[in-house]
Number of protein chains: 2
Amino acid sequence: MLKTLLIGFGCSALVLTIGILIGHFGISKTGSSAPSWASDVVKDVDENFISRFLSEVDNMEIEQNLRELTKVPHMATTEGDEQTVQLMLKRWQDPETGLDQAWREEYSVYLSFPDPKNPNQVTVVNASNSVLYTLRDKEEIYTPDQEDPNVVPSYAAYSPKGHPKGKLVYANYGRASDYKLLNESVDLTGTIAITRYGGAGRAAKAINAAPYGVVGVLVYTDPYDINDGLMSDLNETYPHSWYLPPSGMERGSFNTLYGDLLTPYLAAKDHTYRIPVEDIPGLPPIPIQPIGFQDASILICALDGKMAPDDWQGSFECPYNFGGPGFKETSTFKDSDVKLDIGNYDTVKNSSNVMGVIRGAVEPDRYVIYGNHRDSWVHGAIDPSSGTSVMLEITRVLGRMVKQGKWRPRRSIIFGSWGAEEFGLIGSAEYTEQYFTKLSERSVAYINVDIAVFANATLRASGMPSIQNVIFTAAKQVNAPGLESISVYDNWMKYTNKTSPTHGVIPRIGYLTGAGSDYAAFVHYLGITSLDISYTYDRTKTRARIYPAYHTAYDTFDYASKYIDPGFTSHQAIARTAGNVLIRLADSLLLPFNCGDYAETLEDYLKEAVAQYDEQLKAKNISMEPIKQAVASFRKAASHLHEVIQSLDLINESPLKVRMINDQLMLLDRAFLDPLAFPDKYAFRHVIWTSSSAGRPTFPGLADAFAKAAASEQKTDWDKVHYHLSVLTQAIEGAAHTLTNTI
Amino acid sequence: MLKTLLIGFGCSALVLTIGILIGHFGISKTGSSAPSWASDVVKDVDENFISRFLSEVDNMEIEQNLRELTKVPHMATTEGDEQTVQLMLKRWQDPETGLDQAWREEYSVYLSFPDPKNPNQVTVVNASNSVLYTLRDKEEIYTPDQEDPNVVPSYAAYSPKGHPKGKLVYANYGRASDYKLLNESVDLTGTIAITRYGGAGRAAKAINAAPYGVVGVLVYTDPYDINDGLMSDLNETYPHSWYLPPSGMERGSFNTLYGDLLTPYLAAKDHTYRIPVEDIPGLPPIPIQPIGFQDASILICALDGKMAPDDWQGSFECPYNFGGPGFKETSTFKDSDVKLDIGNYDTVKNSSNVMGVIRGAVEPDRYVIYGNHRDSWVHGAIDPSSGTSVMLEITRVLGRMVKQGKWRPRRSIIFGSWGAEEFGLIGSAEYTEQYFTKLSERSVAYINVDIAVFANATLRASGMPSIQNVIFTAAKQVNAPGLESISVYDNWMKYTNKTSPTHGVIPRIGYLTGAGSDYAAFVHYLGITSLDISYTYDRTKTRARIYPAYHTAYDTFDYASKYIDPGFTSHQAIARTAGNVLIRLADSLLLPFNCGDYAETLEDYLKEAVAQYDEQLKAKNISMEPIKQAVASFRKAASHLHEVIQSLDLINESPLKVRMINDQLMLLDRAFLDPLAFPDKYAFRHVIWTSSSAGRPTFPGLADAFAKAAASEQKTDWDKVHYHLSVLTQAIEGAAHTLTNTI
């Protein structure tokens, strides 16, 4: 009986268990079963996937990419450029490692080139017009790369044509203040000014000169500013080191605005309305031409006149004089003029962006954009091919995962290989103009990796403060190149750091206040949270304003692989860091943006503004209380949102609630846009990051307006200060509104 | 044994059943059970709820609202205005029938009032300055309402002060063409012009006059234009009918721009930067004053000079002459001048919006906004209190449902009772400036019901084409007032209809191309899909340009309840229709917007543009092909999205997919914004709906630019035409991009 009972119990237990199993697994819960999409919508970033990505990023692949990208010079719209277009398309359309889709987008853009039939020439001519000396127009040949017939001679894109001739003067960096000082000693009417790179924008060196009657400008890179004073190609400069050889010439675009110059705010399609060429603002009004420092030293060391001030002196072994104007009596050039023969022509040509996408699985209408330009001045191994090599390695690793069905990001990823950046960020700017609405509404972030590696000491990062956090997370997971046991993050902190009231000591990120690379249109025109990263050098060890072969015919694979990143481990570290950030932005259930870090920057800006301006503004009856309150509102709103996020039970929340918070985070920077605040600055709309000439770490529109008013003391200029305070106050309050309650 | 077995089986079956029940109901399916929010996110609009709403909207409540709102005159910022603020707050904060939250928002806005110490006066004075005749400055008293000491005397807000005096001329509607024609016969220097309302904006009547040397302007409403010719207050006009009595005077705001005039693009807070008063554009440069038609007839019938053309003649029983200038020899006014003494003063005063919200349950970060202004010129029974009475009835019915826990909308609803609309849509404009980013990002639609009932013949609706659909749906569910068995929709179609290629014969909706009410900032500045509805009259039965008591002291509860909507059934129909639209926009799982209807309008616009401009543009080498392609792209994208929507299995789709499509629909109008396309038109940014003076049913910027170029034949003006074609092409292509694939 006991046995029977036990059997009975046993059977019953078995039957009960079967019943439970049938009930649980066999019968769907009508009306309450989990829908098919339920597990997808709550999926978060997968750390294992990130580990796998990091391990698959291969330095040798990057090296191979760079080798292919730098086979020939690939200046925008040339045959070499087309080869890189084809390379990108081939890679991104590869059935094994390509993206979901890749295509090209063309724009008809306004460019400027030297005329092979009227080559640019700079000469020293005597009174009877005999040529005493002709300056080099191309670099000396050290490797076969410089022999390529498609190496463009040195020129200043957008310099006007012309044949100015005059006595030479030395004008330091060609800043407005430099010409002002020089003009106190020398009558500049009819002179040619020689200037050095640095201190002012390229076009500014000519724009600042013209009002004084200067008729032409030369520009060179002083060994002081780029080579730590070294000059000899016998053993000091490339091919013996990374330093610039004496004949190296920095080409460049000499416009002030970015984007296609003929089609402001409109994508440059064939049919698009174009403004008259003579209406383009910000171009050099007089001819200008870049030369090498060897030629520059011959000219400068022969100059007559008073010796220039100490901070005008460079590394040549002679005093830098102002110029008589013109040369010393003792010089072979005495009484001679310098003559520029500039034959640049302007033309509208087709430039291509190459675009590629990985479609998002859950939120395809949210875009993480990653881009770099493709065009170079010559071979462009570092600028921009280091970045493109990195981008291709990221797309290879991710593309393969997608093709193998092992991964698909939550959000869509858009890759952009921009055209004609060197002429003024043209490809990326036209792209943002063409797709303005779509990109404004849907872009989570833009990641720019242009020059991936300047040198191999440390990470450098710039971006909106809210994105700092995800850069840190990524940098902590990547080993510093050449340092087995230390992360990119920890290494970075040793080079540049700051103390944050919230986080303690952290690496210092820079701000994207200018238009130095393709992030400009994303930051300033669209207000998209952006970042720009690279590996760079130890500033305590060199004064170089940039890597020395920048924009010269020496920026080659040989140069990059020998002196910038032997072994390509810094490239690899950038690919790992940037790719890690990319995956986190694309896959995180909740966007990894921190509004509190934005508040910290606004507080820093405010502190500086109050310290610098409050007293004088009070005297003008302009109160800073409203902007103080706005920044406090922003901090309060950021803290509130932070608490909301902290209290989320993330995977059990409604996907619409998570999306709502993500939208708040995604759109934060849009709140700072004002399309009318800076009428003289093309496509600068972001009131926190707009470029400023006031040189203060504070609100740029306010700083510039204040500097102008303090100088002029005009009522209308003080009004402008008040106006900018109101614009800022409304924008910051508006941003705070978007972060507080959604209703 | 059998028994035992049976018992055993029975027990086992029971145990099994228990097991199944436990398994099914007792154990949650870890990782696959339906989350708590799952049923909410797929909830669609509830037709039963709409029926209930419709049945609860009560005409007697609306009547009572109107009675309360019109107790005293409530011109913006007066004591009467404050009483209406308190009324709105009381209603919206009511614990039984109020909203989730209600509050006031104040702005310091620039207004213009007559000065009680220097009352405005218009007189006829002879050569020795003796006053021969003094015109009325207020209406005659028929009901106690006109006796209220707070009835503001007639004046033109923003007219400058001054005491101009001169010979009188008659200038018809005061259009530029009217003054031009008049000037061909009469030397206008130093004259006073009398003009009639209609044909041109209020301020334009003075702005157009000044260049001819006219020194002051009178404006009146001709019985031809408002009263179907009737004039006698003995038996023809109010209080005997809805017609305007002879002393009725249309007050109004005589500015050209909308929003606070001193703080363009900035919310008018105390601390906000204000432009100098002398920099305000678009104000009358010379004094102007509205008068009644009785006084106007005395002046006009005494005028000397040539008889004006036929289309200048009105209903007075005399020929309308140009004026000698001045009066006939046979008139008692011979040789006399008309003198204006205008003492208006300008001032900055606090004006309040009253805001109320119902928080959305599922998508609180999506807003449906419903608004009307609160301020009137005098008692404002029709303008705007008819609309406010309707709004209060909608909030009473919905508020009670919310308070009782019976309903909460999917999306948030924001109600706005705007201040100072009569002075230039100020309250709504300041609101959109203050919350620009938040509203741009999150607003689904704006519903404006200002004058709810002009008359009781038919519905009138204007809006973006994409919203037409939901108006139709709502109008089909509401009975036409006074017609038991016919819907508002079917009745409407009898009065105004068109044939759509897609839908066949449908009611014709108007477009919101101007700035006639508070929708302006939502349409033109923010690009939010908007609609404006009212009940109105049968145009075949009257020529009245608006209801006759508009902006006069006769717009009272007595007038409204006797002659505009006895029984308040038209008010009720508007409350039901607007409320129905509101609930559908707030509750529909998928937004009820139809992009195909937008495409139809763009195609109509294009057809007109091609017919009017293509030939002449070809001659100027400007191609219309790109805009044709853009409109075709838009149509294709709209059709594609329509197919996607048709193929949705709505309640089984991922909520993020539905949200994605809703975002596409919600943001469609944003794609048509261009903040730089119309630099001379404040806050007009919508390239499809911007106001135009060309009078063509086509793209406004193109039409205006073409008209200018065709008149001037200047190259720069043809360039502007090309520019506007490019702006339109890019905007329409951009809109199409947002509707096609989301990546």
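Reading guide: rules and limits
- Residues numbered from 1 in each chain as written.
- Chains lettered and ligands numbered in written order.
- Predicted model: local features only at pLDDT ≥ 70, side-chain atom pairs only at ≥ 80, totals over all residues.
- Heavy atoms only, no water.
- Axes fitted to C-alpha atoms, helices over the stretch in contact; angles between N-to-C directions.
- Helix = DSSP H or I, 4+ residues; strand = E, 2+ residues; numbered from the N terminus.
- Parallel < 35°, antiparallel > 145°, perpendicular 65-115°, else oblique.
- Left-handed = near helix turned anticlockwise from the far one by under 90°.
- Contact = heavy atoms within 4.5 Å.
- Salt bridge = Lys/Arg side-chain N within 4 Å of Asp/Glu carboxyl O.
- Buried < 20%, exposed > 50% of the residue type's maximum accessible area, 1.4 Å probe, protein only.
- Core = buried A, V, L, I, M, F, W, Y, C linked by side-chain atoms within 4.5 Å.
- Disulfide = S-S within 2.5 Å.
- Pairing = 2+ DSSP bridges.
- Nonpolar A, V, L, I, M, F, W, Y, C, P; charged D, E, K, R; others polar.

**A closer look at the packing of helix α21 (residues 700-712) of chain A against helix α22 (residues 715-739) of chain A**
All names here are of chain A. Viewed as axis vectors pointing N to C, α21 and α22 meet at an angle of 165°, and their least axial separation amounts to 8 Å. One finds that α21 runs roughly antiparallel with respect to α22. Of the two possible hands of crossing, α21 and α22 adopt the one that is left-handed. Listed contacts from α22 to G701, L702, A705, F706, K708, A709, A710 and S712 of α21 are D717, W718, K720, V721, H724, L725 and L728.

**Let's talk about the pattern of salt bridges**
Within this structure, the stated rule accounts for 78 salt bridges over all chains. Across the pair A:R251 and A:E139 runs a salt bridge, and its minimum N-O distance is 2.8 Å. With A:R251 in the loop between α8 (223-226) and β9 (252-253) and A:E139 in the loop between β3 (131-134) and β4 (156-157), this residue pair connects regions lying 112 residues apart in the sequence. Assigned by exposure class, A:R251 and A:E139 land together as buried. A salt bridge links B:D178 to B:R175, with the nearest nitrogen and oxygen atoms 3.1 Å apart.

**Focus: the nonpolar core**
A general tendency of soluble globular proteins is for nonpolar side chains to be buried together. Residues A:F634, B:F634 and B:F699 are the most contacted members of the largest nonpolar core, which totals 459 residues. Judged by nonpolar contacts, the second largest core, of 12 residues, contains A:V41, A:V362, B:V42 and B:L656.

**Remarks on the state of the cysteines**
Residue and element names in this part refer to chain A. One pass over the structure, following the stated rule, counts 2 disulfides over all chains. Two residues, C301 and C318, share a disulfide whose sulfurs are 2.0 Å apart. Here the disulfide of C301 and C318 is left-handed, its torsion about the S-S bond being about -80°. Residue C301 is found in the loop between α9 (293-300) and β11 (337-341), and its partner C318 is found in the loop between α9 and β11; the two are separated by 17 residues along the sequence. Residue C301 is classed as partly exposed on the basis of its relative accessible area, which comes to 24%. In this structure C318 comes out as buried when scored by relative accessible area, which is 16%.

**Quick notes on the pairing of strand β15 (residues 443-448) of chain B**
Residues and elements named next belong to chain B. Of all 6 residues in β15, 6 are buried; the element is thus mostly enclosed. With 5 bridges joining them, strand β13 (residues 363-373) and β15 adopt parallel strand pairing. When the bridges of β15 are listed, V368 appears paired with A445. The pairing of β15 with strand β19 (residues 530-536) spans 3 bridges and is parallel.

**Concerning the packing of helix α19 (residues 625-646) of chain A against helix α20 (residues 655-666) of chain A**
All names here are of chain A. Running from N to C, α19 and α20 cross one another at 145°; their axes reach a closest spacing of 12 Å. Here the hand of the crossing between α19 and α20 comes out left-handed. On α20, the residues touching L641, V644 and I645 of α19 are I661, Q664 and L665. Split by residue class, the contact of α19 with α20 holds 5 nonpolar, 1 polar and no charged.

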